[in-house]
Amino acid sequence: MNDTELDPEIAALLSSATSAPVEEYKAPNQALKLSKGFSADNVDIYGTDAAPRKLSIHEVDLSRTGFDKIENKLLEFPEDTYDDPKYYKNTLTGENASAQRVHQILSKYLTCTDSKDRAVYRQQIVTAYWELLRGMAPKMPDPNLPVSKKMLMRFGILLPSLFKPEQKEFFSKIISENKYNEPVLYVDEWFKEIATGKMTNSATDEKKQVRTANMTAEQAANAEQARLMQLQSKNSGKLQSSENILSIKENERAMIETELRNRVDTLTDHSPIMGMEPHKNCMTEVQRKLFSEITDLLHRLSKNDKELSKALAEFRDAKGTFDNVQNKLEANGGTEMVQADTNAINTEFDTIRQMAKMTIGRRGNQFPLFTREFYHCTENGTGTRENVLEVLRWVESIDPGVFHRIHKNIPNRIVPYVLLVPTYGDRGFCWEPFDRYNRVTSRGRIIIPMYPRDLKIAVLTAVADLRWQVAKEKASYYWMEEGLTGQYYQHIEQLKMKGDLKEFFIEDYILWMTKESEGVQRLDKDVRGIFWRNMPFPKEKKEDLRKRSLVYDELCKKDANREMSDGY
């Protein structure tokens, strides 16, 4: 279909636009529900000896060290979702008045030949489209919701005739399910998790406080449930962290005991004296040296036992608090489930809309619908879940500590929630480094546009933003003096550069990951040193780089000197 030809579906609907408004949405009999805890899967996470179950995307698995390799990015055979002749009608039917407005403006936009009028209609579509999505957002948990509505929310696809044939085939092969169980979500999945209470609302700068005296009984029950869920989220982080520390100390004890056992066995092994059996030889020189080693191991075992006792006490306290809040949650909800708060969904929608705009920027293409006119990505360059996971795996292979958050000197790998928005933007970013109620093990939140010019750069800008904010929060009031942010800030101050400090960091981080990791020197010497110390490459990468240039060889030598002087 060219730009001046009216799509048959639109033509058919346009003829009845004035006399037959789009049908009103009939809500299903079942109200949207909140689970009693974070989810039904959360019950009794730690209290049984049953076989370990598969964790949900909302539960951080501290035992994982990386992403799984993506075996299949696409389905073998395309689905027929976009071949449905009623796709367009099914998408708009049952929505609010904004659906009729989208239909009318899109019809004018596609048939208009005047460039100025097209620009006007194009701008009008943006507002009408977002109002259409606002009405759709609360319906995402409905299992009977037409697939076409989810695809509009997920990919911005309203009219399949706006595809090129190869684009249509590609989108028909995109995998719908989250097969790798990673916290990378499409917009429709995001709203579903918010609506069902499995995710809390994103943090905003301003939050309205509702007085308890003005609440109805139902609102008060929801508020109390939300308060308990926030408390449980905070306690969950403490519980996971304390259990992780306890496991580390138990493993350390097992290693010390194994070493001790081996040395005692060696110490008590005496060979017989030839010709004087059954008498045995005295201790050898090697065995006598074992006394000091055994003494050292006993000291280490004693120290470990004290640390283990402390870790066990902290774990017991955390588990007791967790169970106590869990019981209150169940008692507060009883057997009935609390109805979802539509205000929470609307609040999240406003946040997502603002975030989506920011991925595009003021001068970017704000057009919200998928069309071949603006889609110029390759298959691997489109921000599907599998493609983004593959880029994140590449990022972590070069920057192993990118998702690590240090707690009690122990690095916890915590992958953030990743929201994929169908925009023609080029920059991702982080709008929440972690949950304000759980700084220990909660996931941060980053957003990535699905149709950028360069997907790798879009992901790197989001990851760099996350890196910066986590480091800044860790340093707290001393962020201009200590750690990664402090060293970088002082460097920029010395150069007397004017501008956004974080933007400088993001641009340098992109060079660090794309150029410096390959041995191409593009960064300032001081910046390279700061990144080398605070965001080190893997050991194998360092060894490879030191063979390419004396610059990296010198940095490796400084690493060796620091290791030798450590503790002195």
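The structure this text deals with has already been given above.
Small disclaimer: the values here were computed from a predicted structure and weren't measured.

Trainee: Outline the overall build of the protein, supporting the account with residue identities and numerical values.
Mentor: Helix and strand content of the protein: 17 helices and eight strands. Buried positions account for 45% of the 568 residues belonging to the protein. Sequence separation of 24 or more characterises 77% of the internal contacts of the protein that already satisfy a separation of 6 or more.

Trainee: Run through the sheet that holds strand 6 (residues 417-421), naming residues and quoting values.
Mentor: On the basis of which strands lie adjacent, the open sheet formed by four strands has the order 2-6-8-7 and mixed pairing. The open sheet has two edge strands with one neighbour each: strand 2 (184-186) and strand 7 (429-432). Adjacent strand axes in the sheet meet at a mean angle of 30°, parallel and antiparallel pairs treated alike. Where strand 2 and strand 6 come together, three bridges link them in parallel fashion. What sits directly across from Tyr186, in strand 6, is Leu420.

Trainee: Which residues make up the environment of Asn244, and what are the values?
Mentor: Position of Asn244 among the secondary structure elements: in helix 8 (residues 217-267). Residue Asn244 is classed as buried on the basis of its relative accessible area of 18%. For the pair formed by Asn244 and Asn412, sequence separation is 168 residues and the distance between their alpha carbons is 8.9 Å. Contact partners of Asn244, with chain neighbours within four places excluded, come to Leu62, Ile410 and Asn412.

Trainee: So what's going on with the nonpolar core? Which residues, and what values?
Mentor: Among the nonpolar cores identified, the biggest contains 114 residues, and Phe155, Phe171, Ile448, Tyr509 and Phe531 are the most heavily contacted of them. In terms of residue count, the dominant contributor to this core is helix 12 (residues 455-475) (12 residues). Counting residues in hydrophobic clusters, the runner-up holds nine residues, among them Leu239, Ile245, Phe322 and Ile410.

Trainee: Which residues make up empty space enclosed by the protein, and what values go with them?
Mentor: Summed over the entire model, instances satisfying the criterion amount to two cavities of 30 Å³ or more. Together, 18 residues line the largest cavity, and Tyr129, Trp130, Ala356, Pro422 and Thr423 are the ones closest to its centre. Every element with two or more residues in the lining of the largest cavity is listed here: helix 4 (115-136), helix 7 (187-195) and helix 10 (342-360). Sorting elements by how many residues they give to the lining of the largest cavity places helix 10 first, with five residues. Grouping the amino acids of the lining of the largest cavity by side-chain chemistry returns 15 nonpolar, two polar and one charged. Here the lining of the second largest cavity is composed, by residue class, of four nonpolar, no polar and four charged.

Cut-off values and rules
Residues numbered from 1 in each chain as written. Predicted model: local features only at pLDDT ≥ 70, side-chain atom pairs only at ≥ 80, totals over all residues. Heavy atoms only, no water. Helix = DSSP H or I, 4+ residues; strand = E, 2+ residues; numbered from the N terminus. Buried < 20%, exposed > 50% of the residue type's maximum accessible area, 1.4 Å probe, protein only. Contact = heavy atoms within 4.5 Å. Pairing = 2+ DSSP bridges. Axes fitted to C-alpha atoms, helices over the stretch in contact; angles between N-to-C directions. Core = buried A, V, L, I, M, F, W, Y, C linked by side-chain atoms within 4.5 Å. 1 Å grid on protein atoms, 1.4 Å probe; cavity = no way out; pocket = protein on both sides within 12 Å on 5 of 7 lines; lining within 4 Å. Points joined across faces, edges and corners; volume = space filled by probe spheres on them. Nonpolar A, V, L, I, M, F, W, Y, C, P; charged D, E, K, R; others polar.

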